[in-house]
Amino acid sequence: HPEAAPPAARPVLVEPPHAYAGESGEVFPGTVHAREEAQLSFRIAGKMRTRQVDVGESVKKGQVLATLDPADSRLNLSAARAALNAAQADVTLASADLKRYKDLLDKGYITASVFDARSNALKLAEAHREQAQSNLAVAANQTAYTSLRAGKDGLITAVLAEAGQVVAAGQPVFGFAAQSQREVQIDVAEGRVAALQDAPVLHVALWAHPGKLYQGRL
């Protein structure tokens, strides 16, 4: 076959990019963000039982967003209560023993070292009780942590886990934007920073509200 003829040259117009100057001054494209944005997660690991909100949903402070299966947490709480009851029983027994040994010491039937040993046994039992009380408080907190709640009024911006999924402690479950002030993030060329800082007035326009301007502050 004969060789194909080379394509004819097509002239093109090359123009460098430049900032767009609108009717009211220089215009910069940007995106709107909440001043406070965070990823919400559970404080403990577990299997997600329910997810109660969707992307774009407004939530109130304290509202339950998702829950974990509470079975393990309830077992830990029951074990902590049992340990506290056992520690309290040890304190009661050690206190009664110390009282009996005090009577024997007053009558001269035992030495001071024996009495001191019983006194130390009571202090040890009381320390174990305090430890059991702390463990019970931790177990109670972990039971409460099976419910993920909104810390503030805001908006769910992303769903990162689903019901039935096993999540680790601290693993992001939701993207969250607090119902607070809004920020507009723009990219400005280095040579235009000074002019932007010296601008007498800044306006923000949204595609969702054409023709309406909002007062901006740098």
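These numbers come from a predicted model, not from an experiment.

What counts and how
Residues numbered from 1 in each chain as written. Predicted model: local features only at pLDDT ≥ 70, side-chain atom pairs only at ≥ 80, totals over all residues. Heavy atoms only, no water. Helix = DSSP H or I, 4+ residues; strand = E, 2+ residues; numbered from the N terminus. Expected span 1.5 Å × (residues − 1). Buried < 20%, exposed > 50% of the residue type's maximum accessible area, 1.4 Å probe, protein only. Contact = heavy atoms within 4.5 Å. 1 Å grid on protein atoms, 1.4 Å probe; cavity = no way out; pocket = protein on both sides within 12 Å on 5 of 7 lines; lining within 4 Å. Points joined across faces, edges and corners; volume = space filled by probe spheres on them. Nonpolar A, V, L, I, M, F, W, Y, C, P; charged D, E, K, R; others polar. Pairing = 2+ DSSP bridges.

Overview of helix H1 (residues 71–106)
Turning to step 1, where the next piece is worked out: Here H1 contains 36 residues, and its C-alpha end-to-end distance of 53 Å stays within 8% of the 52 Å for a straight helix at 1.5 Å per residue.
Turning to step 2, where the next piece is worked out: Within H1, burial applies to Ser73, Leu77, Ala80, Leu84, Ala87, Val91, Ala94, Asp97 and Leu98.
Turning to step 3, where the next piece is worked out: Buried residues in H1 make contact with helix H2 (112–144).
Turning to step 4, where the next piece is worked out: Positive phi appears at Gly108, one or two residues downstream of H1, with a value of about 80°.

Quick notes on the layout of surface pockets
Turning to step 1, where the next piece is worked out: Taken as a whole, the largest pocket encloses approximately 1,600 Å³ of empty space.
Turning to step 2, where the next piece is worked out: Together, 41 residues line the largest pocket, and Val184, Leu202, His203, Val204 and Ala205 are the ones closest to its centre.
Turning to step 3, where the next piece is worked out: Looking at the lining of the largest pocket, the elements with two or more residues in it are strand E1 (20–22), strand E2 (25–27), strand E3 (30–34), strand E12 (182–186), helix H3 (193–197), strand E13 (202–206) and strand E14 (209–216).
Turning to step 4, where the next piece is worked out: The element contributing the most residues to the lining of the largest pocket is E14, with 8 residues.
Turning to step 5, where the next piece is worked out: For the lining of the largest pocket, the class distribution of residues is 21 nonpolar, 12 polar and 8 charged.
Turning to step 6, where the next piece is worked out: As for the second largest pocket, its lining consists of Leu40, Ser41, Phe42, Arg43, Tyr145, Ser147, Leu148 and Arg149.
Turning to step 7, where the next piece is worked out: Contributions of two or more residues to the lining of the second largest pocket are made by strand E4 (37–41) and strand E8 (147–149).
Turning to step 8, where the next piece is worked out: The greatest single-element share of the lining of the second largest pocket, amounting to 3 residues, is contributed by E8.

Some details on the sheet that holds E8
Pairing between sheet strands relies on hydrogen bonds along the backbone, with the strands arranged either parallel or antiparallel.
Turning to step 1, where the next piece is worked out: Pairing is antiparallel across the open sheet formed by 4 strands, whose spatial order is E8-E7-E5-E10. Two strands in the sheet have a free side with no partner beyond their single neighbour: E8 and strand E10 (166–167).
Turning to step 2, where the next piece is worked out: In this sheet, E10 lies alongside strand E5 (residues 46–51) in antiparallel orientation, the contact comprising 2 bridges. Looking across to E10, one finds that Lys47 is bridged to Val166.

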